[in-house]
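Secondary and tertiary structure notes
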Amino acid sequence: MRSLDFLRAFFTKEARSLFAGRALWVLLLILSALTGYSFVQAVNLFSQASQTALQFPELARGMTPLDGVIVPTFGALYLVVTLLFPFVAIRLIGDETQSGGLKLLLQSRYTLAQMVSVKIAALGLGWLLTLVPVLSAMGIWLWLGGHVYLPELLTLLMGYTLYAFTIAAIAFFASAITESNSTAAIITLAFTLGSWVLDFAASGQGWMRVLSALSLTAPLRAYERGLFSLPQTLQVLLAALGLLALCVIWLHPGTPPASKLGRSAGLLVSIGILLALTSTLRLYSDVSEDRRNSFSPADERALRQMTEPLTITINLSPQDSRLKDLERSVLPVLRRTVPHLTIVYAETSDVNLFGGTANDQYGLIIYEYAGRRDESRSTSTGEILPILYQLSQQSVTPDPLPEYPGYPLVTNPQAAGFWFYGALPVLFGILWWRTQFISKQKGTQTK
């Protein structure tokens, strides 16, 4: 019982410290303005496109609120979490290590792991407050008459929560291995901005393409498309928990550096093994309303029956728009459904003056399965799937599926500016003043 009382008191102290500081409230004020700008601009563009779609019903199916409004609005949250959220997290660890408060806490009978867990829980309260601007934007979108598909929104929220958790874990670890908050901030930003560099590496070949999978934002892109991937979710969670465990190892001032290095090496090996095991899982769920991440059920059943190794050789440069189309629409679904798939990116570095290559096979996609071979230059699903069925000697009858109707909407979002630029900042300002007032009262009573 005493243990719970201590942890409860410690949690209250950490939450009060978080809300009494300036970093979180400055973040919220900036986020309110950025979210308002992103939301208003996204709705304006969506409305302009909807005017044409309402006249031509076949264009209405392309009007998806997830792409047109929701993801652009969450883009403000992504920017703030990447660049500003680390400063909020760093204070929870850095202030105590610099003030000497950590040494006092270590004299209690509670472990560093428990203390770090409490700090993460307190930071979770700040994260819930950070979600207020984007969630209020979704409420305004519904009030304007817009459409929100709940599974898409919940998946997106989960993806951003995991992303923020990872950023917080990086910030905690950086604070544990440095002696100042400014140095920890530089290290954390090096991680996050380096992730952007890895995103650019995705357009390269060979090892550059492999390295791009380490980007922090790579799993987030899947959530933004309405795809839940259990392997990716577990891998992100393991990476974040591993960083928190490294924080616990390096945070103790009395542990010799050699011991910290040895324990860190053992932890990294264990995390690596777990990451390798999770990569063998094949559990995915397409939660998008328009099923953009899936083929028809009949097609996916046929692809899962291709038990022999399938090799696809692609003769396209990373900058070619056709390869980008493949990577966006066809190849991800094949990776999830075909049991034994190998994709080979042929070397296409010799680009001529007109953007092609000297290789006569440039643009050719070669399919090999069970000793049979076929080739095509098309990147269309309607032409690729028949080739695969011919190679596997299958006949597929499509299942009847309802067409995605689309949700065009012409509306004026300008009134939302009063909330994001006026009422919401005032609300955060009042809460900021209130927490400062309570903090001063507590300080006076303690004296």
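Summarised in this report is the structure supplied together with it. Please read these numbers as outputs of a predicted model, since none were measured by experiment.

Attention shifts here to the packing of aromatic side chains. Here a ring pair, both rings aromatic, is described through the centre-centre distance and the interplanar angle of the planes. Inspection of the entire model under this criterion finds 7 aromatic pairs. The interplanar angle of 85° and the centroid separation of 5.7 Å between the aromatic rings of F46 and W141 together place this pair among those described as edge-to-face. With F46 in helix α2 (residues 23-55) and W141 in helix α8 (residues 132-143), this residue pair connects regions lying 95 residues apart in the sequence. Take F46 and W141: they sit in the same class, and that class is buried. With centroids separated by 5.3 Å and ring planes inclined at 45°, the aromatic side chains of F74 and Y160 adopt a geometry described as tilted.

Here we take up the environment of R22. One can find R22 in the loop between α1 (2-20) and α2. Among the residues examined, R22 registers a relative accessible area of 63% and is labelled exposed. When the C-alpha positions of R22 and V88 are compared, they lie 8.8 Å apart, and in sequence the two are 66 residues distant.

Where charged atoms from two side chains of opposite charge approach closely, those side chains can pair. Taken as a whole and assessed by the stated rule, the structure comprises 11 salt bridges. R292 is the partner of D67 in a salt bridge, and the nearest nitrogen-oxygen pair spans 2.7 Å. Remark: R292 occurs in the loop between β2 (284-286) and α15 (297-304) and D67 occurs in helix α4 (residues 65-83); sequence separation between them is 225 residues. You can call R292 buried: its relative accessible area is 16%. R335 is paired through a salt bridge with E327; the nearest N and O atoms lie 3.4 Å apart.

What follows covers the sheet that holds strand β6 (residues 372-376). With respect to topology, 4 strands assemble into an open sheet ordered β4-β3-β5-β6, the strand pairing being mixed. The two strands at the open ends of the sheet, each matched to only one other strand, are β4 (341-345) and β6. Between one strand axis and the next, the sheet turns by 15° as a mean value, whatever way the strands run. Strand direction decides the pairing type here: strand β3 (residues 310-314) and strand β5 (residues 365-369), joined by 5 bridges, are antiparallel.

Attention shifts here to unusual backbone geometry. Even without a glycine there, the phi angle at A370 is positive, about 50°. Of note, A370 is situated in the loop between β5 and β6. Unlike most non-glycine residues, Q393 shows phi in positive territory, near 55°. Topologically, Q393 is positioned in the loop between α17 (381-391) and α18 (416-446). Taking relative accessible area as the criterion, Q393 reaches 62% and is therefore assigned exposed.

Position of T233 among the secondary structure elements: in helix α13 (residues 230-251). A residue is classified by how much of its surface remains accessible, and T233, at 10% relative accessible area, is buried. When residues no more than four places from it in sequence are discounted, the contact partners of T233 are L162, Y223 and F228.

Turning our eyes to something else, we now look at the nonpolar core. Counting residues in each nonpolar core, the largest one holds 81 residues, and the members touching the most others are F39, F74, L77, F85, L123 and F172. Top element by residues in this core is helix α9 (residues 150-177). It accounts for 16 residues. Dropping the residues within four chain positions of it, F172 is found in contact with A89, L92, I93, V116, K119, I120, L123, L244 and C247.

It is worth spelling out a nonpolar patch on the surface at this point. Taken together, the side chains of V269, I273, L274 and L277 present a nonpolar region at the surface, about 370 Å² in accessible area. Structurally, I273 can be placed in helix α14 (residues 257-278).

Further remarks concern the pairing of β3. Along any regular strand, the residues point their side chains to alternate faces of the sheet. Burial runs high along β3: 4 of the 5 residues are buried. Pairing geometry for β3 and β4, over 5 bridges, is parallel. Each bridged residue has a counterpart across the sheet, and for I314 the counterpart in β4 is Y345.

What follows covers the side chain of T82. Position of T82 among the secondary structure elements: in helix α4. For T82, a relative accessible area of 0% gives the class buried. At 2.6 Å, the side chain of T82 and the side chain of Y163 are in polar contact.

In this section: the pairing of β5. For β5, the tally of buried residues reaches 4 of 5 residues, placing the bulk of the element in the interior. Two strands pair when backbone bridges link them, and β5 and β6 are joined in this way by 5 bridges, in the antiparallel orientation. Across the sheet, residue Y367 finds its bridge partner in β6, namely D374. Counting the residues between successive antiparallel strands, the hairpin from β5 to β6 contains 2 residues, one of them, A370, with a positive phi of roughly 50°.

Within the element layout of this structure, V26 appears in helix α2. By relative accessible area, V26 is classed as partly exposed at 37%. For the pair V26 and W432, spaced 406 residues apart in sequence, the C-alpha separation works out to 9.5 Å.

Before going further, it helps to spend a moment on the packing of helix α7 (residues 112-130) against α9. Where α7 meets α9, the axes come as close as 11 Å, and the angle between the chain directions of the two elements is 135°. Classified by the angle their axes make, α7 and α9 are oblique. Of the two possible hands of crossing, α7 and α9 adopt the one that is right-handed. Two secondary-structure elements touch here, α7 through V116, K119, I120, L123 and W127 and α9 through Y160, T161, A164, F165, A168 and F172. Residue composition of the contact of α7 with α9, grouped by class: 9 nonpolar, 1 polar and 1 charged.

Across its 19 residues, α7 extends 27 Å between first and last C-alpha, which sits within 8% of the 27 Å expected from 1.5 Å per residue. Residues L112, M115, V116, V118, K119, I120, A122, L123, G126, W127, L129 and T130 constitute the buried set of α7.

Conventions we followed
- Residues numbered from 1 in each chain as written.
- Predicted model: local features only at pLDDT ≥ 70, side-chain atom pairs only at ≥ 80, totals over all residues.
- Heavy atoms only, no water.
- Phe/Tyr/Trp six-rings, centres within 6.5 Å; stacked < 30°, edge-to-face > 60°.
- Helix = DSSP H or I, 4+ residues; strand = E, 2+ residues; numbered from the N terminus.
- Buried < 20%, exposed > 50% of the residue type's maximum accessible area, 1.4 Å probe, protein only.
- Salt bridge = Lys/Arg side-chain N within 4 Å of Asp/Glu carboxyl O.
- Pairing = 2+ DSSP bridges.
- Axes fitted to C-alpha atoms, helices over the stretch in contact; angles between N-to-C directions.
- Contact = heavy atoms within 4.5 Å.
- Core = buried A, V, L, I, M, F, W, Y, C linked by side-chain atoms within 4.5 Å.
- Patch = residues over 30% accessible without salt bridge, like charges linked within 9 Å, V, L, I, M, F, W, Y side chains within 5 Å.
- Areas by Shrake-Rupley, 256 points an atom, 1.4 Å probe, with all protein chains shown as cover.
- Polar contact = N/O pair within 3.5 Å; in protein donor to acceptor, adjacent residues only side chain to side chain.
- Parallel < 35°, antiparallel > 145°, perpendicular 65-115°, else oblique.
- Left-handed = near helix turned anticlockwise from the far one by under 90°.
- Nonpolar A, V, L, I, M, F, W, Y, C, P; charged D, E, K, R; others polar.
- Expected span 1.5 Å × (residues − 1).

By themselves, these figures tell us nothing about what the structure is for.
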